[in-house]
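Here are the chains, one letter per residue:
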Amino acid sequence: MAKVGKENINPLTVKGSFAGAVGLCQFMPSNILKYGVDHDKDGSVRLRSSAEDALASVANYLMQEGWNASLPITWPCRVESAAAKQLYTGGIVTNTTIEKAIIAGVEIEAPVSASPQTPVLLVKLEIPGGCLSRLGTENFAALLHYNRSYFYAETVRELALEIAPSLFSD
């Protein structure tokens, strides 16, 4: 079979997930063209064999989806009031602000240096023995655009805290 595309790859030889995601970062093929970065400057975006290209492509994806380096990914919070519980939408975009969440009864359990008008979403993670609540920033929403699972985004947050706590602290 002939090789196709600007990377000149035989599509029958590409290995990916059951859903079609490919490479070290598991990009969907349409996102490779949109967000792929040739970070190692070898003339090709190689998401299967270049960790530099894969990581730079993920970073580019997150930046394009609204990553804000001046914000944490989430703040831990408590949600007791019925009004605050209505903020749980299960969605992947910010749907309120810090100020409105506090007015609704969300109790943020960490210092917040962001503006009260900062967009956020309320996140509920059902775990054995209870529930974790987080007030997610645009950064959590960017992670959710990459993978729609709250647990995926929370795992990425926890891993980032282990790798570089000063960059990703709540």
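Above this text is the structure in question.
Focus on the pattern of salt bridges
Now for step 1: As enumerated under the stated definition, the model contains seven salt bridges in all.
Now for step 2: With a closest N to O distance of 3.8 Å, Lys 124 and Glu 126 form a salt bridge.
Now for step 3: Notably, a salt bridge pairs Glu 154 with Arg 157, separated by 2.8 Å at the nearest N-O pair. With Glu 154 and Arg 157 both in helix H6 (residues 150–163) and three residues apart, this pair spans about one turn of that helix. Here Glu 154 and Arg 157 have matching classes, each one buried.

A few points about the sheet that holds strand E2 (residues 96–97)
For sheets, the rule is that strands pair by backbone hydrogen bonds, running either parallel or antiparallel.
Now for step 1: Taken in spatial order, the five strands line up as E2-E4-E5-E1-E3 in an open sheet, and their pairing is antiparallel. Single-partner strands in this sheet number two, and they are E2 and strand E3 (106–108).
Now for step 2: The sheet contact formed by strand E1 (residues 74–79) and strand E5 (residues 130–136) spans four bridges and is antiparallel. Looking at the pairing, Pro 76 lines up with Arg 134 of E5.
Now for step 3: Across the face of the sheet, helix H5 (residues 138–146) comes into contact with E1, strand E4 (119–127) and E5 while running at roughly 60° to E4.
Now for step 4: Each of E1, E4 and E5 is contacted by H6, which is oriented at about 100° to E4, the strand it contacts most.

A closer look at the pairing of E4
Now for step 1: Where E2 and E4 come together, two bridges link them in antiparallel fashion. The residue of E4 that forms the bridge with Thr 97 is Pro 119.
Now for step 2: Of the strand pairs in this sheet, E4 and E5 are connected by seven bridges, and their pairing is antiparallel. Bridge assignment links Glu 126 to a residue of E5, and that residue is Cys 131.
Now for step 3: Counting the residues that bridge the hairpin from E4 to E5 gives two residues, and of these Gly 129 lies at a positive phi of roughly 85°.

Concerning the environment of Val 79
Now for step 1: Tracing the chain through its elements places Val 79 in strand E1.
Now for step 2: Among all residues touching Val 79, those that are not within four sequence positions of it are Ala 84, Lys 85, Tyr 88, Val 106, Leu 122 and Ser 133.

Quick word on the environment of Ala 54
Now for step 1: Examined against the element boundaries, Ala 54 turns out to sit in helix H2 (residues 51–64).
Now for step 2: On the basis of relative accessible area, Ala 54 is assigned to the buried category, the value being 3%.
Now for step 3: Not counting the four nearest positions on each side in its chain, Ala 54 is found in contact with Leu 24, Cys 25 and Leu 47.

Looking at the nonpolar core
Now for step 1: Core analysis: the biggest nonpolar cluster contains 21 residues, and Leu 121, Phe 140, Leu 144 and Tyr 150 have the highest contact counts within it.
Now for step 2: Here this core takes five residues from H5, the largest share from any one element.
Now for step 3: Non-local contacts of Leu 121, meaning those with residues more than four positions away in its chain, are made with Gly 91, Val 93, Thr 94, Asn 95, Arg 134, Leu 135, Gly 136, Thr 137, Phe 140, Ala 141, Leu 144 and Tyr 150.
Now for step 4: Judged by nonpolar contacts, the second largest core, of 15 residues, contains Trp 75, Ile 98, Ala 110 and Leu 135.

As for the layout of surface pockets
Now for step 1: Taken as a whole, the second largest pocket encloses approximately 480 Å³ of empty space.
Now for step 2: Around the second largest pocket, the lining is made up of 17 residues, and of these Val 58, Leu 62, Leu 143, Val 156 and Ala 160 lie nearest the centre.
Now for step 3: For the lining of the second largest pocket, the secondary structure elements donating two or more residues are H2, H5 and H6.
Now for step 4: The element that contributes the greatest number of residues to the lining of the second largest pocket is H6, accounting for six residues.

A word on H5
Now for step 1: Turning to H5, its buried residues are Asn 139, Phe 140, Ala 141, Ala 142, Leu 143 and Leu 144.
Now for step 2: Close packing links the buried residues of H5 with H2, E1, E4, E5 and H6.

Thresholds, definitions, all that
Residues numbered from 1 in each chain as written. Predicted model: local features only at pLDDT ≥ 70, side-chain atom pairs only at ≥ 80, totals over all residues. Heavy atoms only, no water. Salt bridge = Lys/Arg side-chain N within 4 Å of Asp/Glu carboxyl O. Helix = DSSP H or I, 4+ residues; strand = E, 2+ residues; numbered from the N terminus. Buried < 20%, exposed > 50% of the residue type's maximum accessible area, 1.4 Å probe, protein only. Pairing = 2+ DSSP bridges. Contact = heavy atoms within 4.5 Å. Axes fitted to C-alpha atoms, helices over the stretch in contact; angles between N-to-C directions. Core = buried A, V, L, I, M, F, W, Y, C linked by side-chain atoms within 4.5 Å. 1 Å grid on protein atoms, 1.4 Å probe; cavity = no way out; pocket = protein on both sides within 12 Å on 5 of 7 lines; lining within 4 Å. Points joined across faces, edges and corners; volume = space filled by probe spheres on them.

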